[in-house]
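Each chain, letter by letter, is given below.
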Amino acid sequence: MTKISEMPAVGRRFISNLELTVPTNYSWTKPVPANERRVSIVSTAAVSRRGDKPFSWLAKDSRTIHKTDRDLVMTHVAVEFDRSAWQQDLNTIIPLDRLEEMAADGEIASVADEHYSFMGAADPVTMEKSARAVAAQMKEEGVNTVFLIPI
């Protein structure tokens, strides 16, 4: 993991100037048993399907990845981010195959059809509108468990 003091100056300034958002309204829900869970992934690795619009620096939007998509690209702009693991195994950042195995073994009920990716280098406060839209889509699909994979 890169220490903030080792980051390029532009990244260091950006992170140092972010305001910490402190939640004031907690909406905790009691989780369902694991074998009743419909799981969706949310990644901050700026991953999208080949041919989709690439993420830009400070992108506020998201990309949708279908559970059968495997031809994915990463447009994360952080130069210090090591991409070698995911280039060898997509499951290190979007573990679709592992979730399918868990569903086949009955560990979880099902894998959602749609999964989502954001640009993790952006200010989270600016992503609220997109995050709410993704949450609504997941709710509509019956997702009751989200696997957040921060990069």
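Residues numbered from 1 in each chain as written. Predicted model: local features only at pLDDT ≥ 70, side-chain atom pairs only at ≥ 80, totals over all residues. Heavy atoms only, no water.

Visitor: I tried to follow the overall build of the protein chain on my own but got confused; where do I start?
Guide: Scanning the protein chain from terminus to terminus reveals four helices and seven strands. Scanning the protein chain from its N terminus toward the C terminus, one meets helices and strands in the order α-β-β-β-β-α-α-β-β-α-β. In terms of overall dimensions, the protein chain is globule-like: its C-alpha atoms have a radius of gyration of 16 Å, near the 15 Å expected for 151 residues. In terms of its C-alpha atoms, the protein chain occupies a principal-axis envelope of roughly 45 × 40 × 30 Å. Among the 151 residues that make up the protein chain, the fraction classed as buried is 32%. By sequence separation, contacts in the protein chain at least 24 residues apart represent 71% of the contacts at least 6 residues apart. In the form shown here, the protein chain has an accessible surface area of approximately 9,600 Å², with 55% of it arising from carbon and sulfur atoms. For the protein chain, the centre of its 18 positive side-chain charges and the centre of its 21 negative side-chain charges are spaced 6 Å apart. (Helix = DSSP H or I, 4+ residues; strand = E, 2+ residues; numbered from the N terminus. Rg over C-alpha atoms; globule rule 2.2 N^0.38 Å. Buried < 20%, exposed > 50% of the residue type's maximum accessible area, 1.4 Å probe, protein only. Contact = heavy atoms within 4.5 Å. Areas by Shrake-Rupley, 256 points an atom, 1.4 Å probe, with all protein chains shown as cover. Lys, Arg positive; Asp, Glu negative; His and termini not counted. Charge placed at Lys NZ, Arg CZ, Asp CG, Glu CD.)

Visitor: Mind showing me how you'd approach the pattern of salt bridges here?
Guide: Pairing of side chains with opposite charge becomes possible as their charged atoms draw close. Under the defined criterion, the tally for this structure stands at ten salt bridges. Asp113 is the partner of Arg38 in a salt bridge, and the nearest nitrogen-oxygen pair spans 3.9 Å. With a gap of 75 residues between them, Arg38 in strand E1 (residues 38-43) and Asp113 in the loop between strand E5 (110-111) and strand E6 (114-118) connect regions that are remote in the sequence. For Arg38, a relative accessible area of 18% puts it in the buried group. (Salt bridge = Lys/Arg side-chain N within 4 Å of Asp/Glu carboxyl O.)

Visitor: What exactly am I supposed to notice about the packing of aromatic side chains here?
Guide: Given two aromatic rings, one states the distance between the centres and the angle between the planes to describe the pair. Using the criterion set out here, one finds zero aromatic pairs in the structure. The cationic tip of Arg63 hangs over the ring face of Phe55; the distance from NZ or CZ to the ring centre is 4.1 Å. (Phe/Tyr/Trp six-rings, centres within 6.5 Å; stacked < 30°, edge-to-face > 60°. Lys NZ or Arg CZ within 6 Å of the ring centre and 35° of its normal.)

Visitor: Help me out: how do you make sense of the side chain of Ser117 in this one?
Guide: Its place among the elements puts Ser117 in strand E6. At 3.3 Å, the side chain of Ser117 and the backbone nitrogen of Ala46 are in polar contact. (Polar contact = N/O pair within 3.5 Å; in protein donor to acceptor, adjacent residues only side chain to side chain.)

Visitor: Even after reading the chapter, I still don't get the environment of Asp123, so can you show me in this structure?
Guide: Mapping Asp123 onto the fold places it in the loop between E6 and helix H4 (128-140). Owing to a relative accessible area of 22%, Asp123 belongs among the partly exposed residues under this scheme. Leave out the neighbours within four places in its chain, and Asp123 touches Phe14 and Leu18. Separated by 3.0 Å, the side chain of Asp123 and the backbone nitrogen of Val125 make a polar contact.

Visitor: Is there a simple way to explain H4 in this structure?
Guide: Within an α-helix, residues lying three or four positions from one another point in the same direction, as the helix has 3.6 residues per turn. Between its first and last C-alpha atoms H4 spans 18 Å; for 13 residues at 1.5 Å apiece the expected length is 18 Å, and the two agree. Count one or two residues on from H4 and you reach Gly142, which has phi positive near 85°. (Expected span 1.5 Å × (residues − 1).)

Visitor: Whenever I open this one, the nonpolar core confuses me. Can you help?
Guide: Residues Ile41, Val47, Met74, Leu90, Ile93, Ile94 and Leu99 are the most contacted members of the largest nonpolar core, which totals 16 residues. Listing elements by their share of this core, those giving two or more residues are E1, strand E4 (72-74) and helix H3 (96-104). Setting aside residues up to four positions removed in sequence, Met74 forms contacts with Ala45, Ala46, Val47, Phe81, Arg83, Trp86 and Ile93. Residues Ala112, Tyr116, Met119 and Met127 belong to the second largest nonpolar core, which totals 14 residues. (Core = buried A, V, L, I, M, F, W, Y, C linked by side-chain atoms within 4.5 Å.)

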